[in-house]
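Structural features, examined
Residues per chain are reported as follows:
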Amino acid sequence: MKIPKNHPRRKSLEERARLERGFEKGVVAKAGLIAHGRGEAFDYLLGECTVPEAKKQVEAAAAMLVLAKRPVISVNGNTTALCAKEIVELAKAIPAEIEVNLFYRTKKRLRLIEKEFGKFGVKILGTRRTQKVPGLRSMRQHVDPRGIWAADVVLVMLEDGDRTEFLRRMGKKVIAVDLNPLSRTARKADVTIVDNVTRALPALAKNVKRMKVLGLRVAQETLNKYNNEDLLHKAWMRIRKGTG
Ligand code: PTJ
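Since the structure is predicted, the reported quantities are computational estimates derived from the model, not experimental observations.

This part is about the side chain of Arg238. Relative to the elements of secondary structure, Arg238 occurs in helix H10 (residues 228-241). For Arg238, a relative accessible area of 18% puts it in the buried group. A polar contact is formed between the side chain of Arg238 and the side chain of Glu53, at a distance of 2.8 Å.

Here it is in structure tokens:
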């Protein structure tokens, strides 16, 4: 049976194919395929759609990005394979730098990811000179002095681990996109968007444009009213009850 064009199942199969191609090219790490499977499971439980909590989370993230002085979008293998174009569109809307930051960091993967963004005419940071995030042991410690090192707001996607905690210790605000509301990244971020990155990023770009029109005062008010913990709890209850 042919799956209709905009059906969530079809989108999910297309995303899987993008990941597989990314893996074959060397952009996506082997563990990235497993990470994607975890995401698929949560997405399925949330009804493969943007839930009301995520709409509020996106609004707050947009406010934070509009108020930021030096925002940076951190990308890895999975996000490059899934949505490089959408990342570039968001970076332009803000505007923000894009920096590659890998758990399985190799020169080859850094170059391949740089090349993927180069297709959109964008020069990304993070491939050469590095500073180190104090205390962080994994390869994610390597950050660009012109990028994450100097950033006040960092958008991280599709990762779990302790980086968010260490970035916050450096005084940065962190926005995370993570379908698992219980992950360490989700719980430690200032704003967590519990949605598929492929839906969250276009929504974020749209909200950034809208928030810019509404102005900085509205952005600040939006953030003042925002409660990440409460929305994470609601998203988790939604998963548990199966009301996605
Ligand atoms: O490219 P590298 O070298 O940096 O490697 C990437 C790894 C595999 C290390 C990274 O993706 C990772 O840390 O994976 P984890 O620990 O499995 O965390 C991924 C988180 O993202 C999990 O909580 C997933 O539920 C979630 N996730 C997976 N796919 C999506 C997602 N969240 C949003 N949208 C998705 N499409």
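Among the structural elements, Asn228 can be located in helix H10. For the pair formed by Asn228 and Gln57, sequence separation is 171 residues and the distance between their alpha carbons is 7.6 Å. Not counting residues up to four positions away in its chain, the partners in contact with Asn228 are Ala186, Ala189, Asp190, Val191 and Thr192. Within polar-contact distance, the side chain of Asn228 engages the backbone nitrogen of Thr192 at 2.9 Å. Polar contacts involving the side chain of Asn228 include one to the side chain of Tyr226, which spans 2.6 Å.

Moving on to the sheet that holds strand S7 (residues 191-193). One open sheet accounts for five strands, arranged S2-S1-S5-S6-S7; its pairing is parallel. What marks the edges here is a single partner per strand, and that holds for strand S2 (97-100) and S7. The mean angle between the axes of side-by-side strands here comes to 20°, regardless of whether they run parallel or antiparallel. With respect to the sheet, helix H8 (residues 197-214) is in contact with strand S5 (153-157), strand S6 (173-177) and S7, its orientation differing from that of S5 by roughly 150°.

Moving on: the pattern of salt bridges. The tally for this structure, following the rule as stated, stands at 19 salt bridges. In this structure, Lys234 engages Asp230 in a salt bridge whose closest nitrogen and oxygen atoms are separated by 3.1 Å. Residue Lys234 and its partner Asp230 are both found in helix H10; the two are separated by four residues, about one turn of the helix. A relative accessible area of 38% places Lys234 in the partly exposed class. One salt-bridge network, in which partners are shared between bridges, spans Arg111, Glu114, Lys123 and Arg128.

What counts and what doesn't
Residues numbered from 1 in each chain as written. Predicted model: local features only at pLDDT ≥ 70, side-chain atom pairs only at ≥ 80, totals over all residues. Heavy atoms only, no water. Helix = DSSP H or I, 4+ residues; strand = E, 2+ residues; numbered from the N terminus. Buried < 20%, exposed > 50% of the residue type's maximum accessible area, 1.4 Å probe, protein only. Polar contact = N/O pair within 3.5 Å; in protein donor to acceptor, adjacent residues only side chain to side chain. Contact = heavy atoms within 4.5 Å. Pairing = 2+ DSSP bridges. Axes fitted to C-alpha atoms, helices over the stretch in contact; angles between N-to-C directions. Salt bridge = Lys/Arg side-chain N within 4 Å of Asp/Glu carboxyl O.

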